[in-house]
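Observations on chain architecture
Residue strings, one per chain:
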Amino acid sequence: MNNAIVKTIHSALVCSALLLTATPTMFVANHAVAQAQPEQELKASDKPTRRVPTLRSTVYEQLSRAQTAADEDGDVEEALSILKEVESKDYSMNSYERAMMHNFYGFIYYNDEQYEKALAEFEQVVEQQPIPRKFEMTTLFSLAQLHLMQGNYDKTIEFIERWEALHEGAIPAKNKVLKAQAYYQNKQYEKAAEWIERAIAAHEAEGMLPDEGWLILQRAVYYELKQPEKVKDVLVKLVKLYDEPKYWTQLAGMYGELGEERTQLAIMEAAYQQGYVESAADIFNLAQLYYYHRAPYKGALLMQQAIDEGVLEANLRNLKFLGQSWTLAKEQDKAIPVMMQAAELADNGELDAQVAQILLNEERWDEAIAAADRAIDKGDLRNPGLAYLIKGMALYNQQQFARALNELAKAEEHQKSRAMAQQWKQFVTNEKQSAERMAAELGDG
């Protein structure tokens, strides 16, 4: 059960990690426009050692025409035509102008969902040197994001490390997370763990809460590394910080994986009290926990309510388990009709045999015999002799000794019930003889 919970939730973890990557479409485009300002404004953010040529207004005007055609008119072909005209004069352009041209190409291709062409153009941007440091870093970061989205994980790491080589000071947490994502998707889980741990630790050291998506990624990494204690610790954080129903049930599942079943039950009960246990799977899991922890009455009430409300389907599995729960709770009046309903759905007679046994214990002799007959008719029983044994015992209690002995003889033919059938045959035979003697004595009198 617990493995199923963890595997079920694990399929969502990869998707969550990917969703951490923001689409950089407008970010790239807006930066392109921002860079097309007078050179003296750009130099303030550059290192003094980098001398960048000026972006001439005539070139920028042509590039802007292309962007207008693409953005406002939706005419991609016209936009590309304008850029090709600009490109035809690239021999007269400086490095900054060529970089801007490729940037505009990349933006237009990206918005037209031609991602491979967009990536190729953005890569050309950073190959033009010199260009403004901020422009280069923005493009490198966008390239890292885009390659992650395209599944090019080695490229993601390459471009984010090129960004870091230009950056001064501590590496921002978002870069560490991006690297962790790339390593995770590339199945390099040890490295992914290192970078996501560094990102979260640095964020928390500054007094800030880790992003929910970061913790989801960390949980996925630890799961792949088969480190359930760490998975549990991350889920504890997710419960405390984000209090989502799914995190409560997943945390309970991990305690089950760790063999801490009592804590698992406590977490599930706490989740239930908060209204977080709503799905059919979670309700069934909680009912199972109650059953295994000798609290079947709670589990039966939970399942009965869920079936009555239509949350749980009244199918063979659910009805059988509900009946077993009522039986263990010694609520036979509730167990019997549920078990009968389950038996009607079963292909073999096993459940009918169980119902017959319960009815026998409840001294409902005629009903026990009928249930045993249904079990025999359906067949495919693990212990076929048991049904005959039940019939024999019920008939004995109705003082039908001859019929009882006949059924016990049939039970004796089966290995699993032979010993008990022989004991009962001897007992019934003795009782029959005693009854006959008494009848004869009374007759003589």
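How each quantity is defined
Residues numbered from 1 in each chain as written. Predicted model: local features only at pLDDT ≥ 70, side-chain atom pairs only at ≥ 80, totals over all residues. Heavy atoms only, no water. Helix = DSSP H or I, 4+ residues; strand = E, 2+ residues; numbered from the N terminus. Contact = heavy atoms within 4.5 Å. Areas by Shrake-Rupley, 256 points an atom, 1.4 Å probe, with all protein chains shown as cover. Core = buried A, V, L, I, M, F, W, Y, C linked by side-chain atoms within 4.5 Å. Buried < 20%, exposed > 50% of the residue type's maximum accessible area, 1.4 Å probe, protein only. Axes fitted to C-alpha atoms, helices over the stretch in contact; angles between N-to-C directions. Parallel < 35°, antiparallel > 145°, perpendicular 65-115°, else oblique. Left-handed = near helix turned anticlockwise from the far one by under 90°. Phe/Tyr/Trp six-rings, centres within 6.5 Å; stacked < 30°, edge-to-face > 60°. Lys NZ or Arg CZ within 6 Å of the ring centre and 35° of its normal. pLDDT = per-residue confidence, 0-100. Salt bridge = Lys/Arg side-chain N within 4 Å of Asp/Glu carboxyl O. Expected span 1.5 Å × (residues − 1).

**A short note on the overall build of the chain**
When its secondary structure is counted, the chain shows 24 helices and 0 strands. Sequence-distant contacts, at least 24 apart, represent 57% of the contacts inside the chain between residues at least 6 apart. With the model as given, the accessible surface of the chain reaches about 22100 Å², and the carbon-plus-sulfur share is 49%.

**Concerning the nonpolar core**
Ranked by size, the top nonpolar core spans 134 residues in total, and within it L63 and I108 carry the most contacts. No other element matches the 10 residues that helix 6 (residues 95–111) contributes to this core. Every residue in contact with I108, bar those within four places of it in the chain, is listed here: A66, A70, V76, A79, L80 and L83.

**Remarks on unusual backbone geometry**
In this structure, P130 follows Q129 across a cis peptide bond, with omega equal to 0°. Backbone geometry places Q399, a non-glycine residue, at a positive phi of 65°. By the element assignment, Q399 lies in the loop between helix 22 (384–397) and helix 23 (401–412).

**Considerations on the packing of helix 22 against helix 23**
At a closest axis distance of 8 Å, the pairing of helix 22 and helix 23 adopts a crossing angle of 165°. Taken together, the axes of helix 22 and helix 23 are roughly antiparallel relative to one another. The chirality of how helix 22 crosses helix 23 is left-handed. Between helix 22 and helix 23, the contacting residues are G385, Y388, L389, K391, G392, L395 and Y396 on the first element and F401, R403, A404, E407, L408, K410 and A411 on the second.

**Some thoughts on the packing of aromatic side chains**
One pass over the structure, following the stated rule, counts 14 aromatic pairs. Ring geometry for F284 against F321: centres 5.3 Å apart, planes inclined by 55°, an arrangement best described as tilted. Placement of the pair is F284 in helix 16 (residues 280–292) and F321 in helix 18 (residues 316–328), with a sequence separation of 37 residues. For the pair F284 and F321, a shared accessibility class is recorded, and that class is buried. Measuring from ring centre to ring centre gives 5.8 Å for Y396 and W424, while their planes differ by 70°; the resulting arrangement is edge-to-face. Within this pair, whereas Y396 is found in helix 22, its partner W424 is found in helix 24 (residues 415–444), the two being separated by 28 residues in sequence. When its relative accessible area of 12% is taken as the criterion, Y396 is described as buried. A connected cluster of aromatic rings, assembled from ring pairs, spans F284, Y291, Y292 and F321. R317 extends its terminal NZ or CZ atom over the ring of F284, reaching a point 3.7 Å from the ring centre. Note that K334 overlies the ring of W326, its terminal NZ or CZ placed 5.5 Å from the centroid.

**Remarks on the confidence of the model for the chain**
For the chain, mean pLDDT is 86; residues scoring 70 or higher make up 88% of the total. For the chain, the element scoring lowest by mean pLDDT is helix 1 (residues 2–19), at 33; helix 12 (residues 212–224) scores highest, at 97. Taken as a whole, residues 1–47 scores under 50 in pLDDT and shows 98 contacts with residues more than four places along the chain or in a different chain.

**A word on the pattern of salt bridges**
Charged atoms that come close allow side chains of opposite charge to pair. By the definition in use, this model includes 20 salt bridges. For K179, the salt bridge is made with E161, and the minimal N-O distance between the two is 3.3 Å. Taken together, the residues span a long stretch of sequence, with K179 in helix 10 (residues 173–185) and E161 in helix 9 (residues 153–166) at a distance of 18 residues. On the accessibility criterion, K179 (3% relative accessible area) is buried. The residue D352 makes a salt bridge to K378 at a minimum N-O spacing of 3.1 Å. Highlighted residues: D352 in helix 20 (residues 350–361) and K378 in helix 21 (residues 365–378), separated in sequence by 26 residues.

**Overview of the packing of helix 10 against helix 11 (residues 189–205)**
The angle between the axes and the distance between the axes are what describe a pair of packed helices. Contact pair helix 10 / helix 11: the axes reach a minimum separation of 8 Å and the direction vectors enclose 160°. For the element pair helix 10 / helix 11, the angle class is roughly antiparallel. When you trace helix 10 past helix 11, the crossing you get is left-handed. Residues A173, K176, V177, K179, A180, Y183 and Y184 of helix 10 form the contact with helix 11, whose participating residues are Y189, K191, A192, W195, I196, R198, A199, A202 and H203.

**Quick word on the side chain of N175**
With respect to the helices and strands, N175 occurs in helix 10. Apart from the residues lying within four places of it in its own chain, the contact partners of N175 are F141, I160, W163 and E164.

**Details of helix 13 (residues 228–242)**
One turn of an α-helix holds 3.6 residues; hence residues three or four places apart share an orientation. For helix 13, with 15 residues, the first-to-last C-alpha span of 20 Å sits near the 21 Å given by 1.5 Å per residue. In this structure, the buried side of helix 13 is in contact with helix 12 and helix 14 (245–257). Phi for D243, located one or two positions after helix 13, is positive at around 45°.

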